Amino acid sequence: MPAPTPAPQTSGAHEEADALHDLVLRSLDDDQAVDVVTIPLQGKSSIADHMVIASGRSTRQVASMAQKLSQRIKQELGRNVRVEGLPIADWVLIDADDVIVHLFRPEVRTFYNLERMWAFEEKAAAPAAS
């Protein structure tokens, strides 16, 4: 008789995602990020558990926050992240698997308005147009 297959360990994955999310928020706070917003994606999208959107006051600050965050994730959690947009630093995307981080200059953030695009609750609550 074959042994029963154990159930997948999902609580550990959620704990890892939450630890990564906490690290991201601490790092952005330490680096004085502006208007930090977290959008929970768990159960709504398969790309990640959390999306974090924040602004820096200049391209230099955005680039610095992205570099420090990447280093902290590698040092504290042993994870490699993928970074896009660093040379220009108007909009830097950091993909850490469970957490996606978007760092913007304020003007670029306003233009793309990702918070509105990913606001599931607001879309569900909005009345249908006649």
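Visitor: Sorry, what's going on with the packing of aromatic side chains here?
Guide: Each pair of aromatic rings is reported with the distance of its centres and the angle of its planes. In the structure shown here, the tally under the stated rule is 3 aromatic pairs. Plain terms: the ring middles of tryptophan 91 and tyrosine 112 are 4.7 Å apart, the flat faces sit at 50° to each other, and that makes the pair tilted. Of this pair, tryptophan 91 sits in strand E4 (residues 91–95) while tyrosine 112 sits in helix H3 (residues 106–112), placing them 21 residues apart in sequence. When its relative accessible area of 40% is taken as the criterion, tyrosine 112 is described as partly exposed. Geometrically, the ring pair formed by phenylalanine 111 and tyrosine 112 is edge-to-face, given 5.0 Å between the ring centres and 90° between the ring planes.

Visitor: Sorry, what's going on with the side chain of glutamine 61 here?
Guide: Considering the arrangement of structural elements, one finds glutamine 61 in helix H2 (residues 59–77). Classification of glutamine 61 as buried rests on a relative accessible area of 14%. Excluding anything up to four places from it in sequence, glutamine 61 contacts Asp31, Gln32, Ala33 and Gly56.

Visitor: Quick question: what am I supposed to make of the pattern of salt bridges here?
Guide: Side chains bearing opposite charge may pair, as long as their charged atoms lie close to each other. By the definition in use, this model includes 10 salt bridges. Across the salt bridge formed by arginine 79 and glutamate 16, the nearest N and O atoms sit 3.5 Å from each other. Pair noted here: arginine 79 is in the loop between H2 and strand E3 (82–84) and glutamate 16 is in helix H1 (residues 10–30), with a separation of 63 residues, a long-range link. Relative accessible area serves as the criterion here: at 18%, arginine 79 is assigned to the buried category. Residues arginine 109 and glutamate 115 are paired through a salt bridge, measuring 2.4 Å at the closest nitrogen-oxygen approach. Three or more residues are tied together by salt bridges with common partners; here these are Glu16, Arg79 and Asp98.

Visitor: Any chance you could explain the sheet that holds strand E5 (residues 99–104) here in plain terms?
Guide: The strands that make up a sheet are held in pairs by hydrogen bonds between backbone atoms, and each pair lies either parallel or antiparallel. Taken in spatial order, the 5 strands make up an open sheet running E1-E2-E5-E4-E3, and their pairing is mixed. Only two strands of the sheet have a single partner each, and these edge strands are strand E1 (34–40) and E3. The mean angle between the axes of side-by-side strands here comes to 15°, regardless of whether they run parallel or antiparallel. When E3 meets E4, the two strands line up antiparallel, connected through 3 bridges. Bridge pairing links valine 83 to isoleucine 94 in E4.

Visitor: When you look at H2 in this model, what are you seeing that I'm missing?
Guide: Side chains three or four residues apart in an α-helix point the same way, a direct result of the helix having 3.6 residues per turn. Counted at 1.5 Å a residue, the expected span for H2 with its 19 residues is 27 Å, and the 27 Å between its end C-alpha atoms agrees. Residues Gln61, Val62, Ala63, Met65, Ala66, Leu69, Ser70 and Ile73 constitute the buried set of H2. Phi turns positive one or two residues past the end of H2, at glycine 78, with a value near 70°.

Rules and cut-offs
- Residues numbered from 1 in each chain as written.
- Predicted model: local features only at pLDDT ≥ 70, side-chain atom pairs only at ≥ 80, totals over all residues.
- Heavy atoms only, no water.
- Phe/Tyr/Trp six-rings, centres within 6.5 Å; stacked < 30°, edge-to-face > 60°.
- Helix = DSSP H or I, 4+ residues; strand = E, 2+ residues; numbered from the N terminus.
- Buried < 20%, exposed > 50% of the residue type's maximum accessible area, 1.4 Å probe, protein only.
- Contact = heavy atoms within 4.5 Å.
- Salt bridge = Lys/Arg side-chain N within 4 Å of Asp/Glu carboxyl O.
- Pairing = 2+ DSSP bridges.
- Axes fitted to C-alpha atoms, helices over the stretch in contact; angles between N-to-C directions.
- Expected span 1.5 Å × (residues − 1).

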